[in-house]
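Breakdown of the fold
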Amino acid sequence: MGSLVEVLPGILICTFDFSIFALIIAYFLFCYTTILALPLIIIIILYIAIGIRIKRAIPPGNQLPSTQERRERMTHKVLAMLVTVVAVLIVFRFPLLIAMMACFTGSTTLCSKPNFMFVAWTLTFANSAINPWIYFIFNEQFRHGARLILEKLIPCCFKTANEVEPIPTGIHQICHSPHQLDEIVHMDQ
């Protein structure tokens, strides 16, 4: 099924050996629809629907001017995040889209360049790793949640030099050990 092709002297790449043209078309259509077109279209449609719904949402009751301004800022941030996610998705998937179209149309200039194909596939897969960073940048609640999780996983990395222990209150101020606390409790009885 696969074969090694020498692209340049001493440089081999693994390629599929398509001896039937129908198989080439089927492979391209499968890859194009499942990896590029369908996810891109679904994500764009869903993010546009979310953006429209957020923009059209009417808050309940009468709002104070400060609440309305805060809501408008939050709506703006969410819409900016949605636009960024969709733009990054398009930019990162575009090189693979171009490469697949070039390979399908028979242009060997892009298909025979292993570096371009490697970068195109790497960008496509890297998009999934970049989305959490976009949410981290734009969403304060996401940052807070991520920090809480990371503090639980690696607590040594989140203590600062200025951090102090909380001041004990009540009976704990008097007692320095659990044994002293037991003595005080038994004396009261």
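Relevant structure appears above.
These numbers were taken from a predicted model, which means no experiment stands behind them.

Conventions adopted
- Residues numbered from 1 in each chain as written.
- Predicted model: local features only at pLDDT ≥ 70, side-chain atom pairs only at ≥ 80, totals over all residues.
- Heavy atoms only, no water.
- Axes fitted to C-alpha atoms, helices over the stretch in contact; angles between N-to-C directions.
- Helix = DSSP H or I, 4+ residues; strand = E, 2+ residues; numbered from the N terminus.
- Parallel < 35°, antiparallel > 145°, perpendicular 65-115°, else oblique.
- Nonpolar A, V, L, I, M, F, W, Y, C, P; charged D, E, K, R; others polar.
- Expected span 1.5 Å × (residues − 1).
- Bend = angle between axes of the 7 residues up to and from the residue.
- Buried < 20%, exposed > 50% of the residue type's maximum accessible area, 1.4 Å probe, protein only.
- 1 Å grid on protein atoms, 1.4 Å probe; cavity = no way out; pocket = protein on both sides within 12 Å on 5 of 7 lines; lining within 4 Å.
- Points joined across faces, edges and corners; volume = space filled by probe spheres on them.

1. A few points about the packing of helix α2 (residues 65–105) against helix α4 (residues 114–138)
Between α2 and α4, the shortest axis-to-axis distance is 7 Å and the interhelical angle comes to 175°. One finds that α2 runs roughly antiparallel with respect to α4. Residues belonging to the contact of α2 with α4 are distributed by class as follows: 19 nonpolar, four polar and two charged.

2. Thoughts on α4
Here α4 spans 35 Å end to end across 25 residues, near enough to the 36 Å set by a 1.5 Å rise per residue. Bending of α4 peaks at approximately 40° at the position of serine 128, with proline proline 132 no more than four residues after it. Restricting attention to buried positions, one finds in α4 the residues Met117, Ala120, Thr124, Asn127, Asn131 and Ile134.

3. Examining the layout of surface pockets
In this approach a probe as big as a water molecule rolls over the atoms, and the regions it shows empty are the leftover space. Taken as a whole, the second largest pocket encloses approximately 390 Å³ of empty space. Along the wall of the second largest pocket there are 13 residues; nearest its centre are Met74, Lys77, Asn139, Glu140 and Gln141. The set of elements that each furnish at least two residues to the lining of the second largest pocket consists of α2 and α5 (140–153). The dominant element in the lining of the second largest pocket, judged by the number of residues it contributes, is α2, at eight residues. Its residues assigned to classes, the lining of the second largest pocket comprises four nonpolar, three polar and six charged.

Bear in mind that shape data such as this cannot, by itself, settle questions of function.
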